[in-house]
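Summary of structural features
Now for the letters of each chain:
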Amino acid sequence: MFRFGETCAAIAARPGKLEKIALLAEYFRSLDNANLSAAARFFTGNPFAARDDRSLGIGWRTIVAAAQNAWGVKEAELGANYREHGDLGAALGPFVRPAVDLALFSETLTPAALYALFEEIANAHGKAAGKKREAICERILRACTDATEATYVIKIMTGDLRIGLREGLVADAVAAAFERDAHDVRRAVMAAGDIGAVAIAARDGRLGDLQIAYGSPIGFMLATPVLYGSDYKDLRTGTWLAEEKFDGIRAQAHKTGERVRLFSRTLNDVTQSYPEVAAALEAIPGNFMLDGELVAMRGENVLPFRYLQARLQRKTVEAELLQEVPVSYVVFDMLASGEDFLIDEPLVERRERLAETIMPREHLEIAPFTRVSETPAPEELHELFAAARGRGHEGLMLKRSDSPYHPGRRGKWWLKLKRELSTLDVVVVAVEWGQGKRAKVLSDYTFAVRANDGELQTIGKAYSGLTDAEIAELTTWFLAHQRGKRGHAIAVEPAIVLEVAFDIIQPSSLHESGFALRFPRIVRLRGDKPPAEIDTLARVEEIYREMLSRESGQGAPSALSKRAPEGDGAPR
Ligand code: AMP
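Residues numbered from 1 in each chain as written. Predicted model: local features only at pLDDT ≥ 70, side-chain atom pairs only at ≥ 80, totals over all residues. Heavy atoms only, no water.

Assignment of secondary structure puts Asn 35 in helix H3 (residues 33-43). We classify Asn 35 as buried; its relative accessible area is 12%. (Helix = DSSP H or I, 4+ residues; strand = E, 2+ residues; numbered from the N terminus. Buried < 20%, exposed > 50% of the residue type's maximum accessible area, 1.4 Å probe, protein only.)

See below:
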């Protein structure tokens, strides 16, 4: 690991991507297969491959204890070092006391040897597992020969390499090392979920033989917002499909053999929270990877998002909740089918494969879509939008029919058309200091509407929407117009009127008005409006009632079953 550490330090010192790739490629070329696969995984900042469920299961305390035993590190010195670096590897590494200095037998820590020790740590089970992990950790530290090596070994253990390499660049270095196409290598990494195996396959010219790693999630493709009523110029290129924008939870489904797993947008396994969806997918033959949205649905009616909240993060879902908030998985994309990794295929083809593979059933639907005319008139989009809203959905997704699936990217291939439920004019009654780069300005505003007796009642808090210049100017104003404390916040003279947009109004005991807004954002400052003319609680109640009647009025019948998709969901 000595050369691994040196390579890390050299890469960290070079700002340029190309230089980093060249250094890494040279190092990769010098390794045999066992060391190559281990080192390639380590360079992504993880001890194990992405598709590997195992983790080391050791925290800082174990590492620090091992360093104290192996090197006699003093707590106070470590504290000072940590404050300076903010990183355990950099803080501990310099304390290394190589075994030769201690006149002890030392083992040589190659990437392959370190990987084997990591496996021992991860596989430790039972009562004495903690002790065993600590002992192996200590053995690893004792085998380190210098500060750089120790620093980077610890960084891998804490999962925090910090040398400016993302997995994509490591893949590029594998490609450069073995003269393969970078795009092919990146794809292979995504499909196989193991950059170590890909590195060996790249060296051997067997990239095409790698198997798809079902069970290892890939990043989600994201959409760029377009403003309702804008000129929709992005839609003048190519042909587009329109889908409803479901108000639920994004999920990627993997099925292989009997095993189904659902992954959230943060790539966590959430299968246990949606057993009825897992069962529905299990009944479908074949191996596949899908993208879609988990939506609360009773019969044919789409339920508003707040119903789903009851299901979030449940480890076990009782029968009662399953009945109360039934969930359907609405699938809109297919990323893999059998041995075919489909993300480079155009959307229309992925849709066709989807329609061929997935038969809709209870708790499992295919998202319907319509083709939009070429260079569509705004009215056409607005009609589709209104129809989607009428069926209880959030808005419209527009996707280019030839769009590849770009994992983890937000681009112009997919657009989302949303419009807020409404806006309210409110007055700021309390302010707080912001966080991060806003720590020195008052950027968090609690705002109120006017109750029926004229009193101001809070309804929400907003952080975003104003420019830095506006926030700076308001900070000065608020500091000059304080009215004492209000909890953690500073109460201010109620004079600054804001227009805030939001998606949903919910009853809530958090605020004095008895309501809360979902996703409030500041649209603009209303210097033209005196606080006496802000919106009233009666107006809030009216918007809430309108929202409820829209949701339940027509029972928000789902487009999924009422409106037949074009064919089986396959484009014509
Ligand atoms: P937003 O949360 O406003 O950034 O919108 C993006 C989210 O819309 C995605 O992460 C999905 O969860 C969701 N979504 C709903 N319907 C669709 C759809 N038909 N295609 C893609 N994403 C969708």
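One finds Phe 4, Phe 28, Phe 43, Trp 71, Phe 118, Ile 140 and Met 157 to be the most contacted residues of the largest nonpolar core, which totals 73 residues. Setting aside residues no more than four positions away along its own chain, Phe 28 makes contact with Leu 36, Ala 39, Ala 40, Phe 43, Val 170, Ala 173, Val 174, Ala 177, Phe 178 and Arg 203. If you look at the next biggest cluster of nonpolar residues, it comprises 32 residues, including Val 431, Val 500, Phe 515 and Ile 522. (Core = buried A, V, L, I, M, F, W, Y, C linked by side-chain atoms within 4.5 Å. Contact = heavy atoms within 4.5 Å.)

All right, on to the packing of helix H1 (residues 2-13) against H3 then. The contact between H1 and H3 brings their axes to 12 Å, and the two run at 35°. Our pair here, H1 against H3, has a crossing hand that is right-handed. Residue-level inspection shows Phe 4, Thr 7, Cys 8 and Ile 11 of H1 in contact with H3, the latter providing Ala 39, Phe 42 and Phe 43. (Axes fitted to C-alpha atoms, helices over the stretch in contact; angles between N-to-C directions. Left-handed = near helix turned anticlockwise from the far one by under 90°.)

For the rest of this paragraph, the subject is the site of the ligand. By nearness alone, 13 residues border the ligand, and Glu 243, Arg 265, Glu 293, Lys 399 and Lys 416 come closest of all. Residue Arg 265 places a side-chain N or O atom 2.7 Å away from an oxygen atom belonging to the ligand. Here Glu 293 contributes a side-chain N or O atom positioned 2.5 Å from an oxygen atom of the ligand. For the ligand, whose free accessible area comes to 490 Å², the fraction covered by protein is 88%. Within the residue set of the shell around the ligand, elements represented by two or more residues are strand S2 (240-245), strand S11 (395-400) and strand S12 (410-418). Its residues assigned to classes, the shell around the ligand comprises 4 nonpolar, no polar and 9 charged. (Near = heavy atom within 4 Å. Polar contact = N/O pair within 3.5 Å; in protein donor to acceptor, adjacent residues only side chain to side chain. Areas by Shrake-Rupley, 256 points an atom, 1.4 Å probe, with all protein chains shown as cover. Nonpolar A, V, L, I, M, F, W, Y, C, P; charged D, E, K, R; others polar.)

Attention shifts here to the sheet that holds strand S10 (residues 369-372). Taken together, 5 strands build an open sheet; the order of strands is S1-S12-S11-S2-S10 and the sheet is mixed. Two strands in the sheet have a free side with no partner beyond their single neighbour: strand S1 (222-227) and S10. The sheet shows a mean angle of 35° between the axes of neighbouring strands, direction not considered. In terms of strand pairing, S11 meets S12 through 5 bridges, oriented antiparallel. Across the sheet, residue Gly 395 finds its bridge partner in S12, namely Lys 418. (Pairing = 2+ DSSP bridges.)

If you trace the backbone, Lys 155 turns up in helix H9 (residues 147-158). Side-chain polar atoms of Lys 155 contact the backbone oxygen of Leu 161, separated by 3.5 Å. Sequence-distant contacts of Lys 155, that is, excluding residues within four places in its chain, are made with Asp 87, Gly 89, Ala 90, Asp 160, Leu 161 and Arg 162.

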